[in-house]
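The primary structure of each chain is shown beneath.
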Amino acid sequence: MAIWRRTPQQTQATADAVAAVSVAPVAAKKPVRAKMMRQYDLVDRVRAYNPKTDEDLLNRAYVYAMKAHGEQTRASGDPYFSHPLEVAAILTDLKLDDATIVAALLHDTIEDTEATRAEIDKTFGREIGALVEGLTKLKRLELVSREAKQAENLRKLLLAIADDVRVLLIKLADRLHNMRTLEFVPPASRRRIAEETLDIYAPLAGRMGMQEMREELEDLAFKELDPPAYAVVMQRLDALADRNRNLIGEIETQLAAILKKNGVSAVVLGRRKRPFSIWVKMERKSVGFEQLSDIFGFRIIVNSVAEAYRTLGIVHTTWPVVPGRFKDYISTPKQNDYRSIHTTVIGPGNQRVELQIRTEDMDQIAEYGIAAHAFYKDRVGSPTEVLQRESNAFAWLRHTVEVLSESANPEEFLEHTKMELFHDQVFCFTPKGKLIALPRHANVIDFAYAVHTDVGNSAVGCKINGKFAPLASELDNGDEVEVLTSKAQSAPPIAWESLAVTGKARAAIRRATRTAVRDQYAGLGRRIVERLFMRAKIAYADDKLKGALPRLARASIEDVFAAVGRSEMKASDVARAMYPDYKEEARSGAKKKVPFKRVRSKLTRAAADTPAAIPIKGINNDLPVKFAPNGGAVPGDRIVGIVTPKEGITIYPIQSPALKDFEDEPERWIDVRWDTEEAAPRRFPARLLVQNVNEPGSLAQVATVIAEHDGNIDNISMSRRSPDFTELTIDLEVYDLKHLNGIIAQLRAKAVVARVERVNG
Ligand code: MN
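(A) Local environment of the overall build of the protein. A count of helices and strands for the protein gives 32 helices and 19 strands. For the protein, the residues scored as buried account for 53% of the 761 residues in total. In the form shown here, the protein has an accessible surface area of approximately 34,100 Å², with 51% of it arising from carbon and sulfur atoms.

Now the structure itself:
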């Protein structure tokens, strides 16, 4: 699994990186000088994955580079040629094509030796010549003063990469070897190289989906930049891994056994998390790590997508699920092409166990990213064309380069924002191409407030790269974000305050919500009062209420309405303060127990848009409104509101059995109606109960139907009712009742589905 595992040549740094992926701690080794690889070693490595390799070409390049570098040595005292050779070896781990391997061997020749582009073209062809020249340009960029030229350098780096992505692969391998041998470099340069690695090369590898590469670069840089922190993390990692050594094997064995028993053949691998990623998490959440799940993840590699879902079903049926950890990146891949199912269960030994379930192909992409789009499969076109067709990560790169090459003043751009790939920031664009820099993990809400406070306050939805997305979506570098606003929304939902990442957004939300919350309670109270007057057939007038303020001990009519909205005051008390001989309708209703059916039918009969009905837009816009906890409600449902003092209204579909609990309290029932906007479709929660025939792939079929019909699955829980059936409770989000019913109909059409029912609150 570890692509860089080449024990004899390892330096200390490499040993540590490898330890991070093997269960047993690797004993610390003294730095050893690499033993140089031989000509035939390299050819053997290439032939192992590419039987059609041009051995003559490889041999000629080997000899050419060796002669060109001649007596040059590295800081370690090794012959310089050992460096391009190691870089080429790293690229054989990625199974790259001959041109890439040869260009790696030659990558420093134009800059550091007598060799010229013309000579390389003549000897090895123009394709290789162009790759070597691309790398030469990049090397020259590095030598230029950092401060002044960084932005321009990065721009050129990205341009060179976008031309032929193999330049990036060679550049990353070059940087990786330099990082592995960093200890031989003078201390003054070490820090600069490590910082640059963490700022530019590691994030770039990550964006291209090359996780192995990113992680090793990060760990090597981390070790250089903060040795005490690195030592602490490693120490605790070792201690925890040591303590749990038996448990790790046990979990692997148990998982494999249970899957096998259910007819799934899978490879189960425990994987230690990497020191840098643990450190980042510790810093961000200021927590330590004590659980096995903090340092260990398990990967289940299966043969097909259907088996991946089946594995999920088996795992969820065997162990309790940790809520909120289920993520389906198979139906919705990440932008860097990553696909996998994530879930966490309480597994053997009462340990939380993190699982990643995926196929072999997905695993390759997860590890090697763009490099996994192997250049050997029978593809039409150049590697760049293949990637452009198949890789989202590469498409992102091209897009970013286009935007960057249009920006007029790169220095200023960098000064204000740092660049694109800096690890603590994300850079997004408005539809007009304006750059918005945000801290990492920022979401669309932060983006909206960064554009303008008014945009933030009136945001109701968004499109990321042209697709509708939730406002809480975390942004990635290069995202183009269009914020959809509505004049009807005067203030943001209060929940945004905890969702926002930037201080600017949080402060603005707090300011806007403080008044808005009061206004909304007042608005709700006014409607409740007006509705009571309408029922009692009395004319309501603000002036009349003003006159009654002393009796109600309130300073303004807004205060009165806010109190009613918060259920601190009854609407009937307001009526009595205005008309002392007012007869209380609600009280008589409460005394005479109103049968549940009558309350319900009365509300059902109420025309959907009587003025008295309170319009409901959705959970974000209508404070203080929330949806029925078990099953929610979607537009199209006939709905009813139940008032809870100090909390607000909960919306139930009229058919919800939970409403029975409130039948003794008719004064808590309120007419509500939907008021959704076409311009910004919003999703609403619903719950389905699906009874599935127990057979391979049945869960996959269910999940696929929902995904194909644009349903968002929030959670799936499973229970086995009999040997033949599995019962799934699926929480999903849909646009409306029609959408939900469409999904239900599609599910019912599947042979593996025995029964589908909606759960109503
Ligand atoms: Mn080099």
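(B) How the structure looks around the coordination of the manganese ion. The protein atoms donating to the manganese ion are His83 (NE2), His107 (NE2), Asp108 (OD) and Asp174 (OD), with metal-donor distances spanning 2.2 to 2.5 Å. Counting along the primary sequence, the residues that act as donors to the manganese ion give the motif H-x23-H-D-x65-D. Highlighted residues: His107 in the loop between helix H5 (98–106) and helix H6 (109–112) and Asp174 in helix H10 (residues 165–180), separated in sequence by 67 residues. In this pair, the class of His107 matches that of Asp174, namely buried.

(C) Local environment of the environment of Leu240. For Leu240, the location among the structural elements is in helix H13 (residues 227–243). What makes Leu240 buried here is its relative accessible area of 3%. Leu240 sits 54 residues away from Asp294 along the chain, and the two C-alpha atoms are 9.7 Å apart.

(D) Layout of the nonpolar core. In this structure, Leu91 and Met210 are the most contacted members of the largest nonpolar core, which totals 169 residues. Element by element, the count of residues in this core is highest for H10, at nine residues. Residues contacting Met210, with those up to four places away along its chain left out, are Leu94, Leu169, Leu172, Ala205, Glu367, Tyr368, Gly369, Ile370 and Ala371. Core analysis: the second largest hydrophobic core is formed by 23 residues, Leu438, Val444, Ala469 and Ala508 among them.

(E) Broad picture of the sheet that holds strand S10 (residues 481–485). Across the sheet, which stays open at both edges, the three strands sit in the order S9-S8-S10 with antiparallel pairing between neighbours. Taken across any chain shown, the strands that pair with only one partner, and hence form the sheet edges, are strand S9 (467–469) and S10. Mean inter-strand twist for the sheet, computed between neighbouring axes without regard to direction, equals 35°. As defined by bridge partners, strand S8 (residues 459–464) adjoins S9 across three bridges and the pair is classed as antiparallel. Within S9, the position partnered with Lys463 by the bridge is Phe468. Strand contacts of helix H22 (residues 444–451): S8 and S10, with the helix running at about 80° to S10, the strand carrying the most contacts.

(F) Region of interest: the sheet that holds strand S18 (residues 725–734). Across the sheet, four strands lie side by side as S17-S18-S16-S19; this open sheet has antiparallel pairing. Single-partner strands in this sheet number two, and they are strand S17 (712–720) and strand S19 (753–759). Strand-to-strand twist across the sheet, computed as the mean angle between neighbouring axes with direction ignored, equals 20°. Looking at chain direction, S17 and S18 are connected through eight bridges and run antiparallel. Counted as the bridge partner of Met718 is Leu728 from S18. Running at roughly 160° to S19, helix H32 (residues 737–748) makes contact with strand S16 (684–693), S18 and S19 of the sheet.

Rules used in this analysis
Residues numbered from 1 in each chain as written. Predicted model: local features only at pLDDT ≥ 70, side-chain atom pairs only at ≥ 80, totals over all residues. Heavy atoms only, no water. Helix = DSSP H or I, 4+ residues; strand = E, 2+ residues; numbered from the N terminus. Buried < 20%, exposed > 50% of the residue type's maximum accessible area, 1.4 Å probe, protein only. Areas by Shrake-Rupley, 256 points an atom, 1.4 Å probe, with all protein chains shown as cover. Donors = N, O, S within 2.8 Å, 3.2 Å for Na, K, Ca; no water. Core = buried A, V, L, I, M, F, W, Y, C linked by side-chain atoms within 4.5 Å. Contact = heavy atoms within 4.5 Å. Pairing = 2+ DSSP bridges. Axes fitted to C-alpha atoms, helices over the stretch in contact; angles between N-to-C directions.

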